[in-house]
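Structure at a glance
Read off the chains here:
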Amino acid sequence: MKTRVLAIDDSRTIRNLLAACLEEAGFEYHSAVDGREGVDAYPDVAPDVVITDINMPNLDGFGVIEELRGEGINSKVPILVLTTESSADLKARARAAGATGWITKPFDDESLIFALKRVTGAVA
Amino acid sequence: MTGSIMDTFFEECEELLEAMDAGLAAIEEGDQDPETVNAVFRAVHSIKGGAGAFGLDDLVAFAHNFETVFDDVRSNKLQLDEKLIQLLFRASDHLSDLVVCARDGGQIDEAHHTVLIAALAEYIDEEEEELVFEPMGMGAAFEPAPLAEVQQETSYDIRFHPLKEMFATGNEPYFLFQALADLGTLSVKLDDSELPGFDAMEDGESYLSWELTLVTGESRSSIEAVFEFVEGLCELSISSEGDDAAEADALAALNAAFGIPLAEDDAAVALPLEQPAPEPVEASAPAEVEAEEVPDSAEDAVVEKAAVAKKDAAKSSGPKPTLRVELDRVDRLINAVGELIINHSMLAQQIANLDASDTRDVETELEGFKNLARDIQEGVMAIRAQPVKPLFQRMARIVREASAATGKTAKLITIGEATEVDKTVIERLADPLTHILRNAVDHGIEAPENRAAAGKDKAGEIRLTAAHRSGSVCIEVKDDGAGLNRKKIRQIAIDKGLIPADAELSDSEIDNLLFMPGFSTAKEISNLSGRGVGLDVVKNAVTALGGRVSISSVPGEGSMFSIILPLTLAVMDGMVVSVAGHTMVVPITAIVETMRGNEDMINNLGSDGTLLSIRGSFVPICDVAGSLGLRTSTTNEPAGVYLLVETENGDRCALAVDDIHDQRQVVIKSLDGVCGNVPGVSAATILGDGKIAMILDPESIVTASSSAAVFDTDRRMNNAIAS
Amino acid sequence: MQLQAETKHTEHSEFVSFTVAGQAFCLQITQIREIRRWQPVTVLPHAPADVLGVMNLRGAVIPIYDLSARFGLQQTEASERNVVIVVSVNDKPVGLLAESVSEIISIDPDDIQETPQVDSRNTMDFIQGIISQNDEMVRIINLNAVISSPEQVSL
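Residues numbered from 1 in each chain as written. Chains lettered and ligands numbered in written order. Predicted model: local features only at pLDDT ≥ 70, side-chain atom pairs only at ≥ 80, totals over all residues. Heavy atoms only, no water.

Attention shifts here to the overall build of chain B. Summing up its helical and strand segments, chain B has 22 helices and 23 strands in all. Going through the 723 residues of chain B one by one, you find that 45% of them count as buried. Taking the contacts inside chain B whose residues are at least 6 apart along the sequence as the reference set, 69% of them involve residues at least 24 apart. Surface accessibility of chain B: about 36300 Å² in total, with carbon and sulfur atoms responsible for 52%. (Helix = DSSP H or I, 4+ residues; strand = E, 2+ residues; numbered from the N terminus. Buried < 20%, exposed > 50% of the residue type's maximum accessible area, 1.4 Å probe, protein only. Contact = heavy atoms within 4.5 Å. Areas by Shrake-Rupley, 256 points an atom, 1.4 Å probe, with all protein chains shown as cover.)

This is how it looks when you write it as structure tokens:
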């Protein structure tokens, strides 16, 4: 079975880039356009891994992680944070919220796949 | 693939830039809502993110500076004052330029770029400034090793002990090992010596360690990259054969400190790792983060929750769901509907020609067909319709820039931003509107001291209005400046030989001299309206869209440009007429009234002028066939039918045609690229019999015959276009 | 265009020959989209003598030129016997009125002769070479010179 990815990002460009790369690599790609939609879509998509942006309308990335890890959903799947910021502070905040790892934008296909590999093992 | 994603990026940029401008405008108006600031921040941020993906470094760097300043605004480190708002506007304009440069490959204005970066940098404090110049590296500090190169293989000993916090983040040792296995040959040994008896086991505690041996040609940093996400969440040591003795000793000491026996009899976990993951003991450990361990998170959580609640409230009043469709598809559909309408007329004509005794039923059905076709056509055209808001927002920038360049103060007020107009019309309106607005600031609005002297507010006001008016779109630009100097305009027109010195012109005719080619009232070429182009360019652009432009003015109170455009570019209601044996179409919108001609209506005026009397008033007659050069004018004979039309500046004229056939919807086929500009003709259409008919432009037919002076210049203009 | 016809083709090229005002002309077969029988066209007001008007070609409006008038010969009295040769200029269809189509000529590019210098400059520009066919001279039309670009046709 294909590894199922839920990508949450308000940028169409980034979503398209992710979709192109992930589908090419054989992942099953699902997406949401903001944090709220992402959290709402989570139960239906039941992804193996979540990739989320930080700066988004209607619930930002930290909010997404907190809600997914929180009692209601209690998700154990890896969550990767997409961020242009490489600041240690931001990573620490994301990790404290329960993020598994991060992908720094701009990302290339290899680093994206590498990041996924480290948190999900099997690629696609 | 990347190309189309890049297209998406630029499309998205346009939306983001619009959102940014809208946000900034709201902030300028005094909007204090943090979400407004957030929205602008996100727009800039998204542009930066996308630009990074395509290596658009200038764009990334500038967006980063912009974003950094905005981040401080967002976190209330910076106060938004008038000066900063103006800078942000300029930065937003520049960002939009950079996007255009990136898309179309133009040159950026380096000097301006540098000045703005410096101006933004003033707002960025020292600590953050380091960030500003941080190069945007590839993701994850990870450089994939070149594949072609055969590298010396090294054996690394890796000792890995996850802390319990690691499991709360969803990291899984097994996957890390899998990633390591990709780098070379890996052997894994589980060290469960720390595992207490079952009764003593604590929930969530981490007892296991691993010893791994990796033989690889990859560098140590590649190995470290694998553990990037768990840095600080595990105890990790990596050593290689090549490491010096001291390090090896240190490792031994460390191992000893952990009480790890170096015995070989520990259970070895066998690879391959392609097998399904063994159920890791850790997976059952509850993933949780204890708030006490992360001092900030509790507080953050409260903030985030508050934000969530607010955004949820905002969501309910959010935009309607939309569907993005390629423009090509819509245009194909529009063409198909056009063919359907033509097909209908052909069918109707053939039924009319049938030698059938009773066609009433068929005609009723055909009427239904016609109505359905019209519904579809309107529906399809509505897809192409877009609000003028983004266009108007761009104009705000034009006024800002023009004000800055002229040292005048002008404020743009936009009205009717939600008015929807065909997409192509909006696109092609940008240039003429830009020109008119620049003109309004440059020539319309007076210098502040003159305004003060005239008892006006120092800041000029320009109103940009869009509205639907009887099947047309009306766009007006009204300034509260000094109004047109008619004496001067007239003199210039005479000096330039555009009109005879003794020409008798009404105020409105003088005002509209401004649209003549080669007319420019600025004595010296100014930065703005100079450049050798006059308002004739505006007129041409609007005419090309099937529209009309005119100007009116009240001395001391200001001037107003009016642009009237057809709602759609594809279909219009037309009156089918015959002119000297040719079938032609006159737009219904232009016709006030039609009447059969008779001798009593004709009145001669002078040697060759004729007037038509209608209920006691007289209007000039214009013979369409004569005006189009299809036959010698015979205006003193009564024509079959007169079409009373009204021109843009309110003058009435009777168009003489031989006969009228019917009124119907016609599909507009542009003559652009077919035969250049044809005087008196705006476009063509295909009739029911498959023949092409010219669609007449009453305005230009009337102007061509109403006054000799104007006729001459108009012809000159047409020649200029044709050549 | 000229170079292409003269040097690039080592294999035989095919030309369609037709008559205009009694003289034989030809166009490369690849330049021609289709040939249609003449049908009355819609006149364009104020059009010059060599622009006959516009025609409906499957929903597209295309301009029709009178080749004869274009070459400075007498205007053609178009009738049912005449043909409209539809060619592509800058990817836009344009119709050319000719008296009649004669035949398809297959010719070695080496056999194309340069146009001898004659006085009539106007005609010279429109002809890019000549072919001898059955002892008759067939003039190869330089399409781009005849219709430089539809927009440039001054009205």
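This next bit is on helix α1 (residues 12–24) of chain A. Because an α-helix completes one turn every 3.6 residues, residues spaced three or four positions apart along the sequence face the same direction. All names here are of chain A. A rise of 1.5 Å per residue sets the reference length of α1, with its 13 residues, at 18 Å; its end C-alpha atoms lie 18 Å apart and thus fit the reference within 8%. Among the 13 residues of α1, ten are classified as buried, and the element is accordingly described as predominantly covered. Residues of α1 that are buried include every one of Arg-12, Thr-13, Ile-14, Arg-15, Leu-17, Leu-18, Ala-19, Ala-20, Cys-21 and Leu-22, and no others. N-capping of α1 is provided by Ser-11, with a side-chain oxygen placed 3.3 Å from the backbone N of Thr-13. Immediately downstream of α1, the backbone of Gly-26 shows phi near 95°, a positive value. (Expected span 1.5 Å × (residues − 1). Polar contact = N/O pair within 3.5 Å; in protein donor to acceptor, adjacent residues only side chain to side chain.)

Residues and elements named next belong to chain B. Note that Glu-67 resides in helix α3 (residues 57–74). With a relative accessible area of 2%, Glu-67 lands in the buried category. Within the structure, the side chain of Glu-67 is placed 2.8 Å from the side chain of Lys-48, a separation counted as a polar contact.

Following the sequence through the fold, Thr-120 of chain A ends up in helix α5 (residues 109–120). Thr-120 of chain A sits 71 residues away from Val-49 of chain A along the chain, and the two C-alpha atoms are 7.1 Å apart. Excluding its chain neighbours within four sequence positions, the residues that come into contact with Thr-120 of chain A are Asp-48, Val-49 and Pro-78 of chain A together with Phe-175 of chain B. Polar contacts involving the side chain of Thr-120 of chain A include one to the main-chain carbonyl oxygen of Leu-116 of chain A, which spans 2.7 Å.

Residue placement: Thr-100 of chain A occurs in the loop between α4 (88–97) and β5 (101–104). Beyond its immediate stretch of four places on either side in the chain, Thr-100 of chain A contacts Arg-69, Val-77, Pro-78, Ile-79 and Val-119 of chain A together with Thr-169, Gly-170, Asn-171 and Phe-229 of chain B. At a separation of 3.2 Å, a polar atom in the side chain of Thr-100 of chain A contacts the side chain of Arg-69 of chain A.

Residues and elements named next belong to chain B. At a minimum axis distance of 11 Å, the contact between helix α4 (residues 82–104) and helix α14 (residues 389–406) shows a crossing angle of 115°. Judged by the sense of rotation from one axis to the other, the crossing of α4 with α14 is left-handed. Contacts from Gln-86, Phe-89, Asp-93, Ser-96 and Asp-97 of α4 reach α14 at Arg-397, Arg-400 and Glu-401. Looking at the contact of α4 with α14 residue by residue, the class counts come to one nonpolar, two polar and five charged. (Axes fitted to C-alpha atoms, helices over the stretch in contact; angles between N-to-C directions. Left-handed = near helix turned anticlockwise from the far one by under 90°. Nonpolar A, V, L, I, M, F, W, Y, C, P; charged D, E, K, R; others polar.)

Right, let's talk about the packing of helix α2 (residues 34–53) of chain B against α3 of chain B for a bit. All names here are of chain B. Close contact between α2 and α3 brings their axes to 9 Å; oriented N to C, the two are set at 155°. Of the possible angle classes, the one that applies to α2 and α3 is roughly antiparallel. Here α2 runs over α3; the crossing is left-handed. Side by side, α2 and α3 meet where Val-37, Asn-38, Val-40, Phe-41, Val-44, His-45, Ile-47, Lys-48, Ala-51 and Gly-52 of the first sit next to Leu-59, Val-60, Ala-63, His-64, Phe-66, Glu-67, Phe-70, Asp-71, Val-73 and Arg-74 of the second. Looking at the contact of α2 with α3 residue by residue, the class counts come to twelve nonpolar, four polar and four charged. (Parallel < 35°, antiparallel > 145°, perpendicular 65-115°, else oblique.)

A word on the sheet that holds strand β21 (residues 659–667) of chain B. All names here are of chain B. If you walk across this open sheet you meet the five strands as β21-β13-β14-β23-β22, and the pairing is mixed. The open sheet terminates on both sides in strands that have one partner only, identified here as β21 and β22 (681–686). Direction aside, the axes of adjacent strands within the sheet are offset by 35° on average. Two strands pair when backbone bridges link them, and β22 and strand β23 (residues 692–696) are joined in this way by five bridges, in the antiparallel orientation. Directly across from Thr-685, in β23, lies its bridge partner Ala-693. Strand contacts of helix α12 (residues 327–353): β13 (571–579), β21 and β22, with the helix running at about 150° to β21, the strand carrying the most contacts. (Pairing = 2+ DSSP bridges.)

What follows concerns the pairing of strand β2 (residues 23–28) of chain C. Residue and element names in this part refer to chain C. Burial analysis of β2 places five of its six residues in the buried class, the great majority of the element. As paired elements, strand β1 (residues 13–20) and β2 share six bridges and run antiparallel to each other. Within β2, the residue paired with Val-16 across the bridge is Leu-27. Between β1 and β2, which pair antiparallel and follow one another directly, the connecting turn spans two residues, one of which, Ala-21, has a positive phi of 50°. Summarising the sheet, β2 and strand β10 (residues 136–141) pair through two bridges and their orientation is parallel. Bridge pairing links Phe-25 to Arg-139 in β10.

Moving on: the environment of Thr-594 of chain B. Residue and element names in this part refer to chain B. Mapped onto the elements of the fold, Thr-594 is located in strand β15 (residues 591–596). Taking the C-alpha atoms as reference points, Thr-594 and Ile-660, 66 residues apart in sequence, are found 9.1 Å from one another. Here Thr-594 is in contact with Met-575, Tyr-642, Leu-643 and Ile-660, once residues within four sequence places are set aside.

Quick look at the interface of chain C and chain B now. Listed by partner, the interface residues are 19 residues for chain C and 24 residues for chain B. Both sides together, the interface formed by chain C and chain B hides about 1800 Å², and carbon and sulfur atoms give 68% of it. Applying the counting rule to chain C against chain B returns zero salt bridges. Between chain C and chain B we count two residue pairs in polar contact (both at pLDDT 80 or more) in total. Here the side of chain C that touches chain B is built from residues that sort into twelve nonpolar, five polar and two charged. (Buried area = accessible area lost by both parts, 1.4 Å probe. Salt bridge = Lys/Arg side-chain N within 4 Å of Asp/Glu carboxyl O.)

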